Amino acid sequence: MFGKSLGADGAELRPLEPWQAEEFFAHMERGREFIGQHIGFADRAKDLESARELLQGYADKAAADTGRIFGIWLDDKLVGGVLIRVMDVPQGRAEVGVWLEPAATGQGLITRAAKVLIGWLIRERGVHRVEWLVSSANAPSIAVARRLGMRQDGVLRSYHPYRGVRQDLEVWSVLAPEWES
């Protein structure tokens, strides 16, 4: 297994794979209510089998070069992650997403991990546009988008239902020339 250090605090970014479903499910159980406020993983990984299926879906995306999922470990404990939900290298576009359990908030883990992921997409994969789609109600995620130097492209009003309530969805993005400057 390989990992990428996220700083002196021992945080590490690693691929999250189907064989880690038990660890992923335990992580979801610890943070289910907090994560589930805005992130569908909490509802999709409702048991060990569905957690494994979710990770297998991302393994299939990795094999097809259309997405990836990475965990954030702190002191060798899975506490969150970043993912490439959509990756279209020929079109030069990707959409990233993030999540974190409550005990790990306030340490800059998401910002650090997202910087690594976006840098890889732009520098290594040649992606021109990286998108960040976020519920207008998710202020912490919007703050991360700002810290990453993203710009708000617009708001898709009443875009999708989440847990029975229609959500406004903000679209943020950064372009390769902006990232490099």
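Residues numbered from 1 in each chain as written. Predicted model: local features only at pLDDT ≥ 70, side-chain atom pairs only at ≥ 80, totals over all residues. Heavy atoms only, no water.

**Things to note about helix H4 (residues 109–123)**
Each full turn of the α-helix corresponds to 3.6 residues, which orients residues three or four apart in the same direction.
Then, in step 1: With 15 residues, H4 should reach 21 Å at 1.5 Å per residue; the first-to-last C-alpha distance of 21 Å fits that figure.
Then, in step 2: Buried residues of H4: Leu109, Ile110, Thr111, Ala113, Ala114, Leu117, Ile118, Gly119, Leu121 and Ile122, and no others. (Helix = DSSP H or I, 4+ residues; strand = E, 2+ residues; numbered from the N terminus. Expected span 1.5 Å × (residues − 1). Buried < 20%, exposed > 50% of the residue type's maximum accessible area, 1.4 Å probe, protein only.)

**Here's the deal with the confidence of the model for the protein chain**
Then, in step 1: Residue-level pLDDT values for the protein chain average 95, and 99% of them are 70 or greater.
Then, in step 2: Within the protein chain, no element has a lower average pLDDT than helix H2 (residues 41–44), which sits at 88, and none a higher one than helix H3 (residues 48–64), at 98. (pLDDT = per-residue confidence, 0-100.)

**Comments concerning the layout of surface pockets**
Then, in step 1: Considering only enclosed or pocket space, the largest pocket measures out at about 640 Å³ in volume.
Then, in step 2: In this structure, the largest pocket is lined by 25 residues; those nearest its centre are His38, Ile39, Gly40, Arg85 and Glu95.
Then, in step 3: Counting residues per element, the ones that place at least two in the lining of the largest pocket are H2, H3, strand E4 (77–88), strand E5 (93–100), strand E6 (129–135), strand E7 (151–162) and strand E8 (165–175).
Then, in step 4: Counting residues per element, the lining of the largest pocket draws most heavily on E5, at five residues.
Then, in step 5: In terms of residue class, the lining of the largest pocket is built from 13 nonpolar, eight polar and four charged.
Then, in step 6: Computed from the structure, the second largest pocket encloses a volume of approximately 440 Å³.
Then, in step 7: What lines the second largest pocket is a set of 20 residues, and nearest its centre among them are Phe34, Leu100, Thr105, Pro140 and Ser141. (1 Å grid on protein atoms, 1.4 Å probe; cavity = no way out; pocket = protein on both sides within 12 Å on 5 of 7 lines; lining within 4 Å. Points joined across faces, edges and corners; volume = space filled by probe spheres on them. Nonpolar A, V, L, I, M, F, W, Y, C, P; charged D, E, K, R; others polar.)

**Here we look at the pattern of salt bridges**
Then, in step 1: A full pass over the atoms with the stated rule returns 14 salt bridges.
Then, in step 2: With its nearest N and O atoms 2.6 Å apart, the salt bridge here joins Glu29 to Arg32. With Glu29 and Arg32 both in helix H1 (residues 21–35) and three residues apart, this pair spans about one turn of that helix.
Then, in step 3: The buried category is assigned to Arg32, whose relative accessible area is 16%.
Then, in step 4: For the salt bridge of Arg129 with Glu131, the shortest nitrogen-to-oxygen distance reads 2.7 Å.
Then, in step 5: Here Arg129 falls in the partly exposed class, since its relative accessible area comes to 23%.
Then, in step 6: Each of the salt bridges in this network shares a partner with another, and the network as a whole consists of Arg93, Arg129, Glu131 and Asp153. (Salt bridge = Lys/Arg side-chain N within 4 Å of Asp/Glu carboxyl O.)

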